[in-house]
Amino acid sequence: MATHENLLGGPPPTRLPDDPEPRELLASGSAPAEVAAKYPSSSLAWAQLADEAYENGRVVESYAYARTGYHRGLDSLRRNGWKGHGPVPFEHEPNRGFLRSLHALARAAQAIGEQEEYERCSTFLRESSPTAAETLG
């Protein structure tokens, strides 16, 4: 019988609670700005805004959206027992908004020459979820 104990002694993975409404609205084609306005705590909506801005060459705007999604995600992680470190599995879909925001923040920071923040965010992403770091690029 498997116990799935963390044999390394680190904190257990943090799994954010599901928040299906923003995810479903985004999946159905609702504009990310509308979803973010209706659900401002949704890191996923902010991550999508950051991605759209970046893809359209609006890097500073992407940085601002990503930073908002990142901080909203940190708030949610803390409310759900995260103590500032430990796994945040990408495989758990509700975690993806935070992880995508963190990735977008690293990408935009690099694009505007914020090398220290790029490195910090990239390391944080890899340490939180190697799968997210690999998947998101």
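Going by the annotation in an unreviewed UniProt entry, the name recorded for the protein chain is DUF3151 domain-containing protein, with Streptomyces xinghaiensis given as the source organism.

Asks: What is the right way to read the side chain of N95 from this model?
Replies: Mapped onto the secondary structure, N95 falls in the loop between α4 (59-79) and α5 (96-111). Exposure remark for N95: the relative accessible area of 0% places this residue in the buried category. Among the polar contacts listed, one links the side chain of N95 to the backbone oxygen of T14, at a separation of 2.9 Å. Polar contacts involving the side chain of N95 include one to the main-chain carbonyl oxygen of P89, which spans 2.9 Å. Apart from residues lying up to four places away in sequence, N95 is in contact with T14, R15, L16, V88 and P89.

Asks: Even after reading the chapter, I still don't get the side chain of H103, so can you show me in this structure?
Replies: Along the chain, H103 falls in helix α5. With residues up to four places along the chain from it excluded, the contact list for H103 reads L125, L136 and G137.

Asks: Please clarify how the nonpolar core should be interpreted in this entry.
Replies: Note on soluble globular proteins: their nonpolar side chains tend to be buried together. Core analysis: the largest hydrophobic core is formed by 24 residues, its most contacted members being Y70, F98, L99, L102 and F124. Those elements that place two or more of their residues in this core are α4, α5, α6 (115-128) and α7 (130-136). If one sorts the elements of this core by residue count, α5 sits on top with eight residues. In this structure L99 touches V88, P89, F90, L125, S128, S129, A132 and L136, once residues within four positions along its chain are discounted. Counting residues in each nonpolar core, the second largest holds seven residues, with L44, A45, W46 and L49 among its members.

Basis of the calculations
Residues numbered from 1 in each chain as written. Predicted model: local features only at pLDDT ≥ 70, side-chain atom pairs only at ≥ 80, totals over all residues. Heavy atoms only, no water. Helix = DSSP H or I, 4+ residues; strand = E, 2+ residues; numbered from the N terminus. Buried < 20%, exposed > 50% of the residue type's maximum accessible area, 1.4 Å probe, protein only. Polar contact = N/O pair within 3.5 Å; in protein donor to acceptor, adjacent residues only side chain to side chain. Contact = heavy atoms within 4.5 Å. Core = buried A, V, L, I, M, F, W, Y, C linked by side-chain atoms within 4.5 Å.

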